[in-house]
Amino acid sequence: MKVIRSIVLTCLGGLLPTASVGQTIVWTDANAGRIQRKDVNGGEVGTIVQFPSPQAAYSIQYDPVTAKLYYLFFLGGTSVSYQRANLDGSEPENIPTPNWGGFTLNVELRKLYWTNSGSIYRSELNGAGVESHFYASCCLGPLEALGDDLFFGGAGGGIDKGIWRADADGSNERFLHVSPEPFDLAHDPVENKLYLATINAIYRLNPDGTGFELVLRLEAQQVVVDSRARKLYWTDRLAKVIQRSNLDGSNVEDFVTASDVGNPNFDLHGLTIVYNST
């Protein structure tokens, strides 16, 4: 875990007071077929990509090493794949994989991870060298991959509902802590905490499962940590809003609303943060 924290802190400008780093929240609006952005310090909403209907992006992740956006791309019909593109949406590139699902990136190991039908898959970032680890019991939830550690949610069925930890290849899994149905995971490299969005609350815990505590009592589908400004961002698809707070859950405020994006059917399916060195 120490190595990945070092890499992330370096990519963020070392989190030094003199570092010139700008933070941008990026999200997907599946209804409008857009990838959009807004600086954490305010300003107007900007559109990175406007896909032609019926195309849309869903889950989205940021690779700070290559400054690329990775997203789950719906082309139409049954055609779904992963894509990556520059931060301005240019040079989109398909990533061929045998199947798809909720995904994350392992920045240190340069791997793509995703879940599908009771298995966790991983490949190179270009889709090559696919490996998988099968879990005999249902059901797998969100993923967070940090160096040699893989964290994932158990969504019930034959697998305990809560947070699990495994080796980077998916083996040697062990249960960390029970929770309501998990929707998303995020990591704070500064305090080395995992944040968990669930069906009725946001929690945080240490990577060994200790220190489990409630942050906010609400439903959140995606969660992101701004490790520089010490803020927490999350999506509420029912309320059609992105909100933020301090990391302890205090000072909750709206960050982006349906009226801000000009879409009353604002349909949030992905959320990430981009750190731009200037």
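Criteria and cut-off values
Residues numbered from 1 in each chain as written. Predicted model: local features only at pLDDT ≥ 70, side-chain atom pairs only at ≥ 80, totals over all residues. Heavy atoms only, no water. Salt bridge = Lys/Arg side-chain N within 4 Å of Asp/Glu carboxyl O. Buried < 20%, exposed > 50% of the residue type's maximum accessible area, 1.4 Å probe, protein only. Helix = DSSP H or I, 4+ residues; strand = E, 2+ residues; numbered from the N terminus. Pairing = 2+ DSSP bridges. Axes fitted to C-alpha atoms, helices over the stretch in contact; angles between N-to-C directions. Contact = heavy atoms within 4.5 Å. Phe/Tyr/Trp six-rings, centres within 6.5 Å; stacked < 30°, edge-to-face > 60°. pLDDT = per-residue confidence, 0-100.

(A) Looking closely at the pattern of salt bridges. On inspection of all chains with the given rule, the structure shows 12 salt bridges. The partner of Asp39 in a salt bridge is Arg37, and the shortest N-O contact between them spans 2.8 Å. Overall, Arg37 belongs to the partly exposed group, its relative accessible area being 29%. Note that Asp267 and Arg237 form a salt bridge whose closest N and O atoms lie 3.0 Å from each other. With a gap of 30 residues between them, Asp267 in the loop between α2 (258–261) and β24 (268–277) and Arg237 in the loop between β21 (231–236) and β22 (241–246) connect regions that are remote in the sequence. Connected through shared salt-bridge partners, Asp149, Arg165 and Asp167 make up one network.

(B) Highlighting the pairing of strand β15 (residues 174–178). The sheet contact formed by strand β14 (residues 159–167) and β15 spans 4 bridges and is antiparallel. When the sheet's bridge partners are listed, Ile163 is paired in β15 with His177. Where β14 folds back onto β15 in an antiparallel hairpin, the turn is made up of 6 residues, including Gly170, whose phi is positive at roughly 90 degrees.

(C) Summary view of the pairing of β21. β21 sits mainly inside the fold: 6 of its 6 residues count as buried. Of the two faces of β21, the one carrying Lys231, Tyr233 and Thr235 and the one carrying Leu232, Trp234 and Asp236 are both buried. Where strand β20 (residues 223–226) and β21 come together, 4 bridges link them in antiparallel fashion. Opposite Asp226, over in β21, you have Lys231 as the bridge partner. Turn length for the β20-β21 hairpin, with the two strands adjacent in sequence and antiparallel, is 4 residues, and the turn residue Arg230 shows positive phi of about 60 degrees.

(D) Just the sheet that holds strand β16 (residues 182–188), in detail. Sheet architecture is open: 4 strands sit in the order β16-β17-β18-β19, paired in antiparallel fashion. The open sheet has two edge strands, β16 and β19 (213–216), and neither has a second partner. The average angle at which neighbouring strand axes cross in this sheet is 30 degrees, direction not considered.

(E) Main features of the side chain of Asp188. Along the chain, the position of Asp188 falls in strand β16. The class for Asp188 is buried, based on a relative accessible area of 0%. When sequence neighbours within four positions are dropped, the list of residues in contact with Asp188 reads Lys193, Tyr195, Val225, Ser227, Arg230 and Leu247.

(F) Region of the structure containing the environment of Val107. With respect to the helices and strands, the residue Val107 is situated in the loop between β8 (103–106) and β9 (111–116). Considering only alpha carbons, one finds Val107 and Ala145, 38 residues apart in sequence, at a separation of 8.0 Å.

(G) Unusual backbone geometry, seen in detail. The peptide bond linking Ser53 to Pro54 adopts the cis configuration, its omega dihedral lying at 10 degrees. Along the chain, the position of Pro54 falls in the loop between β3 (46–50) and β4 (56–63). Its identity as a non-glycine residue notwithstanding, Glu91 has a phi of 55 degrees, on the positive side. Assignment of secondary structure puts Glu91 in the loop between β6 (79–86) and β7 (93–95). What makes Glu91 exposed here is its relative accessible area of 60%. A positive phi angle, near 60 degrees, is found at Arg230, a position not held by glycine. Considering the arrangement of structural elements, one finds Arg230 in the loop between β20 and β21.

(H) Structural detail: the packing of aromatic side chains. Applying the stated criterion across every chain, the model contains 11 aromatic pairs. Between Trp114 and Tyr121, the ring centres sit 5.5 Å apart and the planes meet at 5 degrees, which makes this aromatic pair stacked. We classify Trp114 as buried; its relative accessible area is 0%. An angle of 55 degrees between the planes, with centres 5.2 Å apart, marks the rings of Tyr135 and Phe152 as tilted.

(I) Layout of the confidence of the model for the chain. On average, residues of the chain score 91 in pLDDT, and 90% of them are at 70 or above. A low-confidence stretch, residues 1–20 stays under pLDDT 50, and its non-local contacts, those more than four residues away or across chains, total 39 contacts.

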